[in-house]
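# Architecture and fold: a report
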Amino acid sequence: MIYDVIIIGGGTAGLSAALYTLRGGLSTLLLEAEVHGGQIVVSPEVENYPALPKISGAAYAQQLLEQVEAVGLQIKYEAAKQIEPEGAVKTVTTTGGQYQARTLIWAVGVSPRRLHCPGEEKFLGRGVSFCATCDGALYRGQEVAVIGGGNTALEEALFLAGICSRVHLIHRRSEFRAEKALTERAAQESRIVAHMPAEVAEITGEKRLEELLLTTPAGEEELPVSAAFLAVGKIPANELLQPYVTLSEAGYLLVGEDCKTNIPGLFAAGDCREKPLRQLVTAAADGAVAASAAISYLRGA
């Protein structure tokens, strides 16, 4: 069978794209390497998605999946290993087989770079977070930490300084890598306390994160906090597209707001593309745009 569209990635962008392609009458196959929903499934609460005042990330992902399944979603939990996106018919080889379609929507998202220290996995979703705008409000009035020294880390720290009693900014180097304007703003914010050079050696607690153990030039330091926001980088999973589509230095797809790549019939949506804001709402928007573009392409518009 040759599908109208194959969507690679079952996060918000991919599932939203499927919702629109199926409602548009396209035969659709969605391929997901791990679990549907993407990164959001580990968030205990989502409070910034329109019309959903408060919901867990796992519940949000399940509701979205069920909504798309209700209109006929076919999903296979298989990882893409090779793609051939050029030509009128595109081929995707996975861990479970080989599939063909007239269009592809690439929506693989990104993976947060990890610290790889003891306690990180244990407290994921219980104090360890990768998104201050997603989870910061859960720690209003409390002391938290941000780990990282780039633009994202300082932006997260400045955001959290507006709602938390104190923000400990931990960076392994002696100087921040962020833009000068951000470092100056952070220096002027009384609620931000910089720890540098310092590295997180261990994350501890009982049921939830309670303390970070830091390694500094002066020795070890215990830092009691309610949450740790990791901002040490993202890893976009775009390697399979590298021979065909231009990537940024950081590995993101250089695709515009129309979600069209340089290859006819190949579209990209969500966090895997270069964009200023990576949130559920922008991923959903990308999915809708990419699906609309695929529909127009197939109709010759």
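All figures in this text were calculated on a predicted structure; none of them were measured in a lab.

How each quantity is defined
- Residues numbered from 1 in each chain as written.
- Predicted model: local features only at pLDDT ≥ 70, side-chain atom pairs only at ≥ 80, totals over all residues.
- Heavy atoms only, no water.
- Helix = DSSP H or I, 4+ residues; strand = E, 2+ residues; numbered from the N terminus.
- Rg over C-alpha atoms; globule rule 2.2 N^0.38 Å.
- Buried < 20%, exposed > 50% of the residue type's maximum accessible area, 1.4 Å probe, protein only.
- Contact = heavy atoms within 4.5 Å.
- Areas by Shrake-Rupley, 256 points an atom, 1.4 Å probe, with all protein chains shown as cover.
- Lys, Arg positive; Asp, Glu negative; His and termini not counted.
- Charge placed at Lys NZ, Arg CZ, Asp CG, Glu CD.
- Pairing = 2+ DSSP bridges.
- Right-handed = clockwise from strand over helix to strand, strands pointing away.
- Axes fitted to C-alpha atoms, helices over the stretch in contact; angles between N-to-C directions.
- Phe/Tyr/Trp six-rings, centres within 6.5 Å; stacked < 30°, edge-to-face > 60°.
- Expected span 1.5 Å × (residues − 1).
- Parallel < 35°, antiparallel > 145°, perpendicular 65-115°, else oblique.
- Left-handed = near helix turned anticlockwise from the far one by under 90°.
- 1 Å grid on protein atoms, 1.4 Å probe; cavity = no way out; pocket = protein on both sides within 12 Å on 5 of 7 lines; lining within 4 Å.
- Points joined across faces, edges and corners; volume = space filled by probe spheres on them.

### Quick look at the overall build of the protein chain
A tally of regular secondary structure across the protein chain gives six helices and 17 strands. Scaling as 2.2 N^0.38, a compact globule of 301 residues should have a C-alpha radius of gyration of about 19 Å, and the protein chain matches this with 21 Å. With respect to the principal axes defined by its C-alpha atoms, the protein chain has extents near 65 × 35 × 30 Å. Sorting the 301 residues of the protein chain into buried and exposed places 50% on the buried side. Counted over contacts in the protein chain with a minimum sequence separation of 6, partners at least 24 positions apart contribute 59%. Of the roughly 14000 Å² of accessible surface on the protein chain, a fraction of 48% belongs to carbon and sulfur atoms. Treating the 26 positive side-chain charges of the protein chain as one cloud and the 35 negative ones as another, the clouds have centres 4 Å apart.

### A word on the pairing of strand S2 (residues 28–31)
What you see with S2 is no split at all: Thr28 and Leu30 on one side and Leu29 and Leu31 on the other are buried throughout. When strand S1 (residues 2–8) meets S2, the two strands line up parallel, connected through four bridges. Considered in S2, the bridge of isoleucine 8 is made with leucine 31. As for the winding sense of the linkage, the β-α-β connection from S1 through helix H1 (residues 12–23) to S2 is right-handed. Pairing of S2 with strand S3 (residues 74–76), which is carried by three bridges, proceeds in the parallel orientation. Paired with leucine 31 across the two strands is lysine 76, which belongs to S3.

### Regarding the sheet that holds strand S8 (residues 128–129)
Ordered in space as S8-S15-S9-S10-S11, the five strands form an open sheet in which the pairing is parallel. What marks the edges here is a single partner per strand, and that holds for S8 and strand S11 (192–195). Pairing between S8 and strand S15 (residues 227–230): two bridges, direction parallel. Its bridge partner lying in S15, serine 129 is registered against phenylalanine 229. The sheet strands contacting helix H4 (residues 151–161) are strand S9 (143–147), strand S10 (166–170), S11 and S15, and the helix crosses S10 at an angle near 170°.

### Topic: the packing of aromatic side chains
Here the structure, examined in full by the defined rule, presents three aromatic pairs. On the numbers, 5.5 Å between centres and 55° between planes, the contact of tyrosine 49 with tyrosine 60 is tilted. Here tyrosine 49 is found in the loop between S2 and helix H2 (57–69), whereas its partner tyrosine 60 is found in helix H2, with eleven residues between them in sequence. The class for tyrosine 60 is buried, based on a relative accessible area of 5%.

### Things to note about H2
Here H2 is 13 residues long and its end C-alpha atoms lie 18 Å apart, about the 18 Å a rise of 1.5 Å per residue gives. Of the surrounding elements, those touching the buried residues of H2 are H1, S3 and helix H6 (280–298).

### Let's talk about the environment of alanine 17
Within the secondary structure layout, alanine 17 lies in helix H1. A residue is classified by how much of its surface remains accessible, and alanine 17, at 0% relative accessible area, is buried. As for alanine 17 and arginine 102, which are separated by 85 residues in sequence, their C-alpha atoms are 15 Å apart. Leave out the neighbours within four places in its chain, and alanine 17 touches Ile7, Ile105, Gly287 and Ala291.

### Observations regarding the packing of H1 against H6
Taken N-terminus to C-terminus, the directions of H1 and H6 make an angle of 40°; their axes are 7 Å apart at the nearest point. Considered as vectors, H1 and H6 are oriented oblique to each other. In this structure, the crossing between H1 and H6 has a hand that is right-handed. In contact with Thr12, Ala13, Ser16, Ala17, Tyr20 and Thr21 of H1, H6 contributes Leu280, Ala283, Ala284, Gly287, Ala288, Ala291 and Ile295.

### Comments concerning the layout of surface pockets
Over the atoms, a rolling probe the size of a water molecule traces out where space has been left empty. The volume enclosed by the second largest pocket comes to roughly 260 Å³. Looking at the second largest pocket, it is lined by 14 residues, and the ones nearest its centre are Ser16, Tyr49, Tyr60, Leu64 and Gln67. For the lining of the second largest pocket, the secondary-structure elements that each account for two or more residues are H1, H2 and H6. Take the lining of the second largest pocket: its biggest share by element is four residues, from H2.

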